Amino acid sequence: MDNCNKTLLIILTLLITFQRATCTQETCREGRRNDERYLLYDVNPGEGFNLRRDVYIRVANLIRKLNDVDNWVLVLPPWGNLYHWQNVRPGLYVPWKNFFDVESLNKWIPVTEFNDYLKTEGATVGSTYVLQNYAEGWGGKWEEKYDKRPCIERHNFEQRDDGSWSGQMWATKVKTDNFTCLSIQGQAATLLPLIQRDLTSRSVFIGRAETILHDEYGGKWYWAARRSMRFARHLREEATRFRRDYLGSDDKQDKTEVKDDWRDTKPKRGAAVGGPYIAVHLRRKDFVRARGDEVPSLKKAAQQIKKLLQNENLTSVFIATDAPVMELQELESLLPGYKVVHYKPSTDFLHKWGDGGVAIVDQIICTHARLFTGSYESTFSFRIQEEREILGFEERRTFNRLCGKKSNCDQPAKWRIIY
Ligand SMILES: Nc1nc2c(ncn2[C@@H]2O[C@H](COP(=O)(O)OP(=O)(O)O)[C@@H](O)[C@H]2O)c(=O)[nH]1
Ligand SMILES: [Mg+2]
């Protein structure tokens, strides 16, 4: 090699090194490494926002394990069309950055939005697996297994003349080379050999991912993935303003300040005090029918709220609820002499962030209360309890729920944070 070529080579190497060293999550993706592979997943359309957050943790920790040897990126399934979100137009899907701090997620596993995936990979996926249970059931004996089986439920993929398949993924028509319905019983890691052996596909889509269980519910990795799921800044700021203006609550006084990076945030149990209000998550709508005796009447709810306020020596109660306005007004009338606070978004906020954004602001406000009480078996309430564990509240101020018919009802299980 002559000197001129040598110099050129050195300059080129330097350029490449420099680009690697200075890239951010987004720019890296454009000059991505060739061995980078993508895992896409989705959840049964009937499932709500807060179970979906739980499924994210299962899949995130699958990526973590895959990345012991490979280089996988998780594609975040767009949000939309959820049963409860009536103000979000059907057919409209929104990215995770509307609700979550994606940089924070990236500190646990590499993630990318579906839109960005489409830009770099196009509307194609190597292999698609739609998960399902075994048609014949468990067979009485629990073993981890999966098998290719005929599809039990209807799906929206069809085979094309060239043998490949085409189907809808979040309102985008996507081509996939292989399509399989996979009966499975097991946890996220049960899928490891399946994905690791699929060497021909650069990308894999897992449908109905809620079918797999957690590898380790409530363990160290569970909590790491959970802590990485910080809400988007604009939602946190909206909640902060509301707490300050209507509830006399701020992080410094409430001792709920957190570090910029969730990995540095490890408060001691009991360090968090919370704002001068109690918060109630009063789940109504479908729960009134489906959870019958476990859901209190409004009168019973008001009695329990009064008691909690008296115990805490407080006069303000924040109500997060999916109840119709009439029910909320009735509850308010049952609490005379107390300050009943409810978050109502501006039209602008609702237009921008939809019902999902409003629900998150409600959750953040509940998270910062002196004491929280939730609703029986509501994932919306469970996620608030987890957020309070992350902030370092005393257990007795977090793991509570309103009783229905039976006044001395069982209280929620305590899923304590682990670092
Ligand atoms: N804004 C607001 N929405 C709520 C509240 N409770 C329930 N919702 C709505 O109803 C949905 C509840 O569904 P999900 O997340 O599945 O929780 P779960 O059904 O209670 O386990 C939420 O995603 C919200 O859209 C609340 O207190 N405030
Ligand atoms: Mg639900």
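Just so it is clear, the structure is predicted and the values come from calculations on it, not from any experiment.

What to know about the overall build of the chain
Right, so step 1: A tally of helices and strands in the chain yields 14 helices and 13 strands.
Right, so step 2: Against the 2.2 N^0.38 benchmark of 22 Å for 419 residues, the chain shows a C-alpha radius of gyration of 24 Å, consistent with a compact globule.
Right, so step 3: Taking the principal axes of its C-alpha atoms as reference, the chain extends roughly 85 × 60 × 40 Å.
Right, so step 4: Among the 419 residues that make up the chain, the fraction classed as buried is 50%.
Right, so step 5: Approximately 21300 Å² of the chain is accessible, and the part contributed by carbon and sulfur atoms is 51%.

Things to note about the nonpolar core
Right, so step 1: Among the nonpolar cores identified, the biggest contains 73 residues, and Leu39, Tyr41, Tyr56, Trp96, Leu191, Ile206 and Phe318 are the most heavily contacted of them.
Right, so step 2: If you count residues domain by domain, this core takes at least three from each of domain 1 (28-221) and domain 2 (231-397).
Right, so step 3: Ignoring any residue separated from it by four or fewer positions in sequence, one finds Phe318 in contact with Phe242, Leu247, Tyr277, Ile278, Ala279, Val280, Val341, His342, Tyr343, Asp362, Ile365 and Cys366.
Right, so step 4: By size, the runner-up hydrophobic cluster in this structure holds 17 residues, among which are Ile278, Leu309, Val317 and Leu335.

With respect to the packing of aromatic side chains
Right, so step 1: As enumerated under the stated definition, the model contains 24 aromatic pairs in all.
Right, so step 2: Here a set of aromatic residues connected by ring pairs shows up, and it is made of Phe49, Tyr56, Trp79, Trp96, Phe99, Phe100 and Phe231.
Right, so step 3: Over the ring of Phe287 we find Arg291; its NZ or CZ atom is 4.1 Å from the centre of that ring.

Notes on the site of ligand 1
Right, so step 1: In the neighbourhood of ligand 1, 17 residues make up the surrounding shell, with Asn50, Arg283, Asp362, Ser378 and Thr379 lying closest.
Right, so step 2: The separation between an oxygen atom of ligand 1 and a polar side-chain atom of Arg283 is 2.7 Å.
Right, so step 3: Protein burial of ligand 1: of its 560 Å² of free accessible surface, 91% is covered by the chains.
Right, so step 4: Here the residues of the shell around ligand 1 are counted per class, giving seven nonpolar, seven polar and three charged.
Right, so step 5: Counting residues domain by domain, the shell around ligand 1 receives three or more from each of domain 1 (28-221) and domain 2 (231-397).

Comments concerning the sheet that holds strand 10 (residues 275-282)
Right, so step 1: Sheet architecture is open: four strands sit in the order 12-11-10-13, paired in parallel fashion. Bordering the open sheet on either side are strand 12 (339-341) and strand 13 (369-373), each of which pairs with just one other strand. Across this sheet, the average inter-strand angle for adjacent strands is 25 degrees, counted without regard to direction.
Right, so step 2: Those strands touched by helix 8 (residues 233-247) are strand 10, strand 11 (316-321) and strand 12, and its axis lies near 160 degrees from that of strand 12.

Some points on the packing of helix 7 (residues 220-227) against helix 14 (residues 379-391)
A pair of packed helices can be characterised by two numbers: the angle between their axes and the separation between those axes.
Right, so step 1: Where helix 7 contacts helix 14, the two axes come as close as 11 Å, and the packing angle between them is 95 degrees. Viewed along their axes, helix 7 and helix 14 adopt a mutual orientation that is roughly perpendicular. Along its contact with helix 7, which presents Tyr222, Trp223, Arg226 and Arg227, the element helix 14 presents Arg383, Glu386, Glu387, Glu389 and Ile390.

As for unusual backbone geometry
Right, so step 1: A positive phi is found at Lys255, a non-glycine position, where the angle reads about 60 degrees.
Right, so step 2: Residue position: Lys255 is located in the loop between helix 9 (251-254) and strand 10.

A few points about the confidence of the model for the chain
Right, so step 1: The pLDDT averaged across the chain works out to 91; a share of 90% of its residues lies at or above 70.
Right, so step 2: Scored below 50 in pLDDT, residues 14-31 makes ten contacts in the model with residues more than four places away or belonging to other chains.

Some words on the state of the cysteines
Right, so step 1: Evaluation of the coordinates by the stated rule reveals two disulfides.
Right, so step 2: Residue pairing for Cys403: its cysteine sulfur links by disulfide to Cys409, the two sulfurs lying 2.0 Å apart. Residues Cys403 and Cys409 are joined by a disulfide whose S-S torsion is about -75 degrees; by sign, that bridge is left-handed. Of the two residues, Cys403 and Cys409, both sit in the buried class.

Topic: the domain arrangement of the chain
Right, so step 1: Along its sequence, the chain is organised into domain 1 (28-221) and domain 2 (231-397).
Right, so step 2: Taken over C-alpha atoms, the centre of domain 1 sits 31 Å from the centre of domain 2.
Right, so step 3: At the junction of the two partners, domain 1 supplies 19 residues and domain 2 supplies 24 residues.
Right, so step 4: For the pairing of domain 1 and domain 2, the buried interface totals around 1800 Å² over both sides, and the portion due to carbon and sulfur atoms is 52%.
Right, so step 5: The largest contributions to the domain 1 side of the interface with domain 2 come from Asn50, Phe99 and Lys107, which together make up 31% of the buried area.

About the criteria used
- Residues numbered from 1 in each chain as written.
- Chains lettered and ligands numbered in written order.
- Predicted model: local features only at pLDDT ≥ 70, side-chain atom pairs only at ≥ 80, totals over all residues.
- Heavy atoms only, no water.
- Helix = DSSP H or I, 4+ residues; strand = E, 2+ residues; numbered from the N terminus.
- Rg over C-alpha atoms; globule rule 2.2 N^0.38 Å.
- Buried < 20%, exposed > 50% of the residue type's maximum accessible area, 1.4 Å probe, protein only.
- Areas by Shrake-Rupley, 256 points an atom, 1.4 Å probe, with all protein chains shown as cover.
- Core = buried A, V, L, I, M, F, W, Y, C linked by side-chain atoms within 4.5 Å.
- Domains from an automatic or database assignment.
- Contact = heavy atoms within 4.5 Å.
- Phe/Tyr/Trp six-rings, centres within 6.5 Å; stacked < 30°, edge-to-face > 60°.
- Lys NZ or Arg CZ within 6 Å of the ring centre and 35° of its normal.
- Near = heavy atom within 4 Å.
- Polar contact = N/O pair within 3.5 Å; in protein donor to acceptor, adjacent residues only side chain to side chain.
- Nonpolar A, V, L, I, M, F, W, Y, C, P; charged D, E, K, R; others polar.
- Pairing = 2+ DSSP bridges.
- Axes fitted to C-alpha atoms, helices over the stretch in contact; angles between N-to-C directions.
- Parallel < 35°, antiparallel > 145°, perpendicular 65-115°, else oblique.
- pLDDT = per-residue confidence, 0-100.
- Disulfide = S-S within 2.5 Å.
- Buried area = accessible area lost by both parts, 1.4 Å probe.

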